[in-house]
Amino acid sequence: MSQTYEKLQPYLDKSQALGAALALFSWDNETLAPKGALERTAKIMGTLSMELYNTIMNPEVRALLVELREADDLTAIEAKVVKDLWKQYEQMEKIPPEEYQEFSELSAQSGAIWAKAKQTNDYSVFAPTLAKVIEFNRKFAGYRAKEGQKLYDVLLDDFEEGFTMEKLDAFFGKLREEIVPLLKKITEKGQVVDKSFMRKEYPIAKQREFNQFLAEYIGFDFNIGVTGDAEHPFTNGLHNRDVRFTNHFHEDNLESAIFTTVHEGGHGIYEQGVSDEISETPLGGGASMGMHESQSRFYENIIGRSEAFWTPIYGKLVETFPEQLAEVDLDTFIKAINYAEASLIRTESDELTYCLHIMIRYEIEKRIMDGSVEVDELPQLWNQMYEEYLGVTPPTDAEGVLQDVHWSMGSFGYFPSYALGNAIASQLYNQMLKEMNVDELLLAGNLAQIKNWLKEHIHQYGQLKNTDEMLIATTGEPFNADYYVAYLKEKFTKVYGL
Ligand code: ZN
């Protein structure tokens, strides 16, 4: 190890420890902590966060990084750690501290204001705050922009390195051209699938039992992982030997918890698969939001909604709920879990229409960032685009422009990663099919080989490589949305007999 890097190591170790402590607190807050504790715990977390920030952002570390950027004796992992930390410095140093402070104060309140506006279905409650959040985002992006770089491109790069509007316009353009007409065809066919059996009474204790089995079945390792209950499902972890995800069980909904298990389980398997030498470095998480989402969506949709996946285990589900599923054969179940229908709410939408919800948000964010739409015009623009692309008009703003929390947090540029995740999953799947008979493995209940393939090509690297680098190494080409479009067309043409 280079001597200078050795001097950096204690700072990295401390930031790992603080990061793990914060992860544990946030897990606890969402699962077991008593409600009355939240305020005081928030203060403790604030102190730890500040300490974490100062551990890395200080003159000593900065000086070490300046030296290390010139070093030629670093390992690949060390060099990437230095590169990423330096990028953080560069970004932060361009924003005047007093403006950043102002923005932090605004962010601390904006979530609650948004929640109130949504609850009372009153956009005017949120609009002035949203206008301020947007102003800060545009200003900060302006400070950070390289010469000639557009503001929205600066923000997009934060979430997925190298994915500019030029790339995303092509991606969403393809979706618009191919998926909007496909959805119209499905809607016109008017084939109704009876999903009512999903909403019978399913005792939660029994659901737990099945979902525990399911998580293990797909490859989530309970020796280095644990699950819990929370209002909103999520995955987090302290490191690769302690990965956690939550579920939310509804007594009147069978599929909700099942697809949460395969989705969050996919995130969890990713985190558990990061190699030991990377896990305890700043590169220990997933490569990006989009890559993370590709793994969860791969398990949830590509594998988890397929007939081959359910063939060996559907009997077990029926055994768990013999009365509720007495009349439901495998074929009916598969049709029900692949039902596609235009709807208003992104988080409740199906595999086919999901990407259109994201496309609409992308188009709106583009216009917010180039200043061609005013905050007051957003509800109308939102509704107009839902009508145009999904054929549904939100009756209220709560079910329209106010439905997502992201903008209140200033997370512009985040949404596209959800759709990219689906597309990356399809590209990886296409390659996987060339190397193994996935259906045969699923029918035999052998998911280990699938997990190992993902670990070998994606999981083990953590953040050592970016999305395109891993895609090129694995599939021989950079990101290519054609596989996703082809996958959706083939699947839904078959499901709906078009
Ligand atoms: Zn996810």
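Preceding this section is the structure that the text describes.
Below or above, wherever it landed, is the structure these notes cover. (Residues numbered from 1 in each chain as written. Predicted model: local features only at pLDDT ≥ 70, side-chain atom pairs only at ≥ 80, totals over all residues. Heavy atoms only, no water.)

## Focus on the side chain of Asn-236
- Within the fold, Asn-236 resides in strand S2 (residues 235-239).
- Exposure remark for Asn-236: the relative accessible area of 15% places this residue in the buried category.
- Engagement of the side chain of Asn-236 in a polar contact is seen with the backbone oxygen of Ala-23, the distance being 3.1 Å.
- Among all residues touching Asn-236, those that are not within four sequence positions of it are Ala-23, Ser-26, Trp-27, Val-243 and Arg-244. (Helix = DSSP H or I, 4+ residues; strand = E, 2+ residues; numbered from the N terminus. Buried < 20%, exposed > 50% of the residue type's maximum accessible area, 1.4 Å probe, protein only. Polar contact = N/O pair within 3.5 Å; in protein donor to acceptor, adjacent residues only side chain to side chain. Contact = heavy atoms within 4.5 Å.)

## Notes on the nonpolar core
- Grouped together as the largest cluster of nonpolar side chains are 121 residues, with contacts concentrated most on Phe-171, Phe-309 and Trp-310.
- In contact with Phe-171, other than residues within four places in its own chain, are Ala-419, Leu-420, Ala-423, Phe-479, Ala-481 and Tyr-484. (Core = buried A, V, L, I, M, F, W, Y, C linked by side-chain atoms within 4.5 Å.)

## Remarks on the environment of Leu-74
- Looking at the secondary structure, you find Leu-74 in the loop between helix H3 (59-68) and helix H4 (76-93).
- The sequence separation of Leu-74 and Thr-396 amounts to 322 residues, and the corresponding C-alpha distance is 56 Å.
- With near-sequence residues (within four places) excluded, Leu-74 lies in contact with Ser-2, Tyr-5, Leu-68, Ala-79 and Val-82.

## Focus: the coordination of the zinc ion
- For the zinc ion, the protein coordination sphere consists of His-263 (NE2), His-267 (NE2) and Glu-293 (OE), at 2.1 to 2.4 Å.
- Mapped onto the polypeptide sequence, the residues donating to the zinc ion form the spacing pattern H-x3-H-x25-E. Taken together, the positions of His-263 and His-267, both in helix H10 (residues 254-272) and four residues apart, correspond to about one turn of that helix. The same class applies to His-263 as to His-267, namely buried. (Donors = N, O, S within 2.8 Å, 3.2 Å for Na, K, Ca; no water.)

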